[in-house]
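Listed below are the residues making up each chain.
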Amino acid sequence: QKGTTPEVQRFEGCKQAIDENPGVELVAQQWSQQWSPDEGFQIAQNMLQANPDIKIIFGQADGLAMGAAKAVEVAGLADQVIVGGYDGDGAALESLVACDTPFIVTATQSTQ
């Protein structure tokens, strides 16, 4: 969904946060077609293999982030990598309440 308003604005916000925090750098990014957990899992697996020192993963949608969190767990890195997402969807909120994955934060927006 590259180039859509949500994608552009979420990337801009993420990049601003990175720029405002010394020591944090963007080491990889991958565009998504579906913003789904399965796609997030595959993307994160590839990123973790190519960049084993990743400490933070931001998914532009909670589905991507939750899939990424699963990839972090499968890689045995749950104590080293934190994952955040965006949308505040129901499954993400349930995961946050359970507090049992590397997925530790989501955000939402008001469209009105």
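Preceding this paragraph is the structure being described.
As the structure is a computational prediction, the values presented were derived from the model and not from experiment.

Student: Can you lay out the environment of glycine 3 for me, pointing to particular residues and giving the numbers?
Tutor: Topologically, glycine 3 is positioned in the segment before helix 1 (5-19). Take glycine 3: its relative accessible area is 55%, and that puts it in the exposed class. In this structure the C-alpha to C-alpha distance between glycine 3 and leucine 26, which are 23 residues apart in sequence, comes to 19 Å.

Student: Can you lay out a nonpolar patch on the surface for me, pointing to particular residues and giving the numbers?
Tutor: On the surface, Ile56, Ile82, Ile104 and Val105 cluster together into a nonpolar patch covering about 360 Å² of accessible area. On the secondary structure map, isoleucine 82 appears in strand 2 (residues 82-84).

Student: Before we move on, could you go through the pattern of salt bridges and cite the residues and values that matter?
Tutor: Taken as a whole and assessed by the stated rule, the structure comprises two salt bridges. We note a salt bridge from aspartate 87 to arginine 10, for which the minimum N-O separation is 2.9 Å. With aspartate 87 in the loop between strand 2 and helix 4 (90-98) and arginine 10 in helix 1, this pair connects stretches of sequence that are 77 residues apart. When the shortest N-O distance is used, the salt bridge between lysine 15 and aspartate 19 registers 2.8 Å. Here the residue lysine 15 and the residue aspartate 19 both occupy positions in helix 1, the gap between them amounting to four residues, near one helical turn. Accessibility expressed as a relative area gives 31% for lysine 15, which makes it partly exposed. For aspartate 19, a relative accessible area of 52% puts it in the exposed group.

The rules behind each value
Residues numbered from 1 in each chain as written. Predicted model: local features only at pLDDT ≥ 70, side-chain atom pairs only at ≥ 80, totals over all residues. Heavy atoms only, no water. Helix = DSSP H or I, 4+ residues; strand = E, 2+ residues; numbered from the N terminus. Buried < 20%, exposed > 50% of the residue type's maximum accessible area, 1.4 Å probe, protein only. Patch = residues over 30% accessible without salt bridge, like charges linked within 9 Å, V, L, I, M, F, W, Y side chains within 5 Å. Areas by Shrake-Rupley, 256 points an atom, 1.4 Å probe, with all protein chains shown as cover. Salt bridge = Lys/Arg side-chain N within 4 Å of Asp/Glu carboxyl O.

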